[in-house]
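Here are the chains, one letter per residue:
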Amino acid sequence: MKILANDGIAQSGIQALENEGFEVLTTTVAQEQLIPYINENEIIGLLVRSATKVRKDLIDACPNLKLIGRGGVGMDNIDVAYAKEKGLYVINTPAASSESVAELVFAHLFGGVRYLYDANRQMPLDGDSKFKQLKKSYAGGTELRGKTLGVIGFGRIGRATAKIALGVGMKVIYFDPFLEKASLEVSFFDGQSVSFDLASLSKEEVLQSSDFITLHVPAQKEYVIGQKEFAIMKDGVGIVNAARGGVVDEVALVDALENGKISFAGLDVFESEPNPEIKILMHPKISLTPHIGAATGEAQNRIGTELASQIISLLK
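So, how was this worked out
- Residues numbered from 1 in each chain as written.
- Predicted model: local features only at pLDDT ≥ 70, side-chain atom pairs only at ≥ 80, totals over all residues.
- Heavy atoms only, no water.
- Pairing = 2+ DSSP bridges.
- Helix = DSSP H or I, 4+ residues; strand = E, 2+ residues; numbered from the N terminus.
- Right-handed = clockwise from strand over helix to strand, strands pointing away.
- Buried < 20%, exposed > 50% of the residue type's maximum accessible area, 1.4 Å probe, protein only.
- Contact = heavy atoms within 4.5 Å.
- Salt bridge = Lys/Arg side-chain N within 4 Å of Asp/Glu carboxyl O.
- Phe/Tyr/Trp six-rings, centres within 6.5 Å; stacked < 30°, edge-to-face > 60°.

A. Summary view of the pairing of strand β5 (residues 89-92). Pairing analysis gives four bridges linking strand β4 (residues 67-70) to β5, with the strands arranged parallel. For isoleucine 68, the partnering residue across the bridge sits in β5 and is valine 90. For the handedness criterion, the β-α-β arrangement of β4, helix α4 (residues 80-85) and β5 is classed as right-handed.

In structure tokens form, the structure reads like this:
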């Protein structure tokens, strides 16, 4: 029984599968070669992250395939309904990477309020000759404590992000049309915990009241944040998108950064991924990471173990 982990899988997942008699292949097969590779090697399970796409043509052309697994949350690179209609199992790991993504959001937020995204570019160039000028340039930082974080989308990752914000001392408000009320328990190292009860506000209220905004929504047909939404935000707001490319209108974002409506942006995902626009990559007010929200050792171990557990349960 062969499983192809086309976008990789942690050793913990490989070991768990091999212990149950599965053969795990970790060759990265190009998208256009995927169908013949699956058929020639009699693959019964295909595991992907965000790079590999599993569309109707592949599902139809690979009759031996029994399972498609997504290491992570979003399933927009898989034709899920069609796969299930054809009798395939479709699995993912919605809880495994929440904390890692949430921590990356705060890496962007902490870096944004202290200008690290720009300081780390300029210090290697001019730190030895313009130290005092740079010190003055980056001296107007802001604390996150006491500020309001608006969370758009309050699923697992949105809630994990909110817990960090509460721990930092921020006020949290959220908008989620599918979750009217939420209870969060913030746990500490010594076993203590504090509970918070929150209620969803309207999208407009969240946009108008937040000092910082973070998005945690699936891929959409239309922008979640565009010109109209930027217009009603506070002046100087910071925004982070570690959800999906295309939920923020990047043209409108650049305009908002240029006119001062937005003080900084943190982007882990991009509209034209994997080839982000040069205007975005070169912008001095954007903190950039290459879609690494779930890319921690801890998250990948949890993802590998969780995928293996589901595969063993379904295919053994």
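B. Structural context of the side chain of lysine 261. As for its placement among the helices and strands, lysine 261 is situated in the loop between α11 (250-258) and β12 (262-267). Of the residues examined, lysine 261 reaches a relative accessible area of 16% and is grouped as buried. The contacts of lysine 261, once residues within four sequence positions are left out, are Phe230, Ala231, Met233, Lys234, Asp235, Gly236, Val237 and Ala256.

C. Molecular detail of the pairing of strand β6 (residues 148-152). Burial analysis of β6 places five of its five residues in the buried class, which makes it a mostly covered element. Burial along β6 is two-sided: Thr148, Gly150 and Ile152 facing one way and Leu149 and Val151 facing the other are all buried. For β6 and strand β7 (residues 171-175), the ladder comprises five bridges, and the chain directions are parallel. Considered in β7, the bridge of glycine 150 is made with isoleucine 173. Handedness of the crossover is the feature at issue here: the chain leaves β6, passes through helix α8 (residues 156-168), returns alongside β7, and the resulting connection is right-handed. As judged from the four bridges shared by β6 and strand β10 (residues 212-215), these two strands associate in the parallel manner. Of the residues in β10, the one forming a bridge with glycine 150 is isoleucine 213.

D. Looking closely at the environment of glutamine 122. Considering the arrangement of structural elements, one finds glutamine 122 in helix α6 (residues 116-126). Given the relative accessible area of 24%, glutamine 122 is considered partly exposed. Spatially, the C-alpha atom of glutamine 122 lies 8.1 Å from that of leucine 134, the residues being 12 residues apart in sequence. When neighbours within four sequence positions are excluded, glutamine 122 is seen to be in contact with Gly127, Leu134 and Tyr138.

E. The pattern of salt bridges, seen in detail. The tally for this structure, following the rule as stated, stands at six salt bridges. Residue aspartate 211 pairs with lysine 234 through a salt bridge whose shortest N-O separation is 2.8 Å. Placement of aspartate 211 in the loop between α9 (203-209) and β10 and of lysine 234 in the loop between α10 (227-232) and β11 (237-241) is noted, with a sequence separation of 23 residues between them. We note a salt bridge from lysine 261 to aspartate 235, for which the minimum N-O separation is 2.8 Å. Of this pair, lysine 261 sits in the loop between α11 and β12 while aspartate 235 sits in the loop between α10 and β11; the two residues are 26 residues apart in sequence, bridging distant segments of the chain.

F. View of the packing of aromatic side chains. For the structure on display, the rule yields five aromatic pairs. Note on phenylalanine 154 and tyrosine 174: the rings are 4.0 Å apart at their centroids and 10° apart in plane angle, and the pair reads as stacked. Here the residue phenylalanine 154 occupies a position in the loop between β6 and α8, and tyrosine 174 occupies one in strand β7, the gap between them amounting to 20 residues. In this structure, phenylalanine 154 and tyrosine 174 share a single accessibility class: buried. Here the aromatic rings of phenylalanine 212 and phenylalanine 264 are separated by 6.3 Å at their centres, their planes lie at 45°, and the arrangement is tilted. Taken together, the residues phenylalanine 212 in strand β10 and phenylalanine 264 in strand β12 connect sequence positions 52 residues apart. Classification of phenylalanine 212 as buried rests on a relative accessible area of 5%. The exposure class of phenylalanine 264 is buried, given its relative accessible area of 2%. An aromatic cluster of three or more residues is present, and its members are Tyr117, Phe212 and Phe264.

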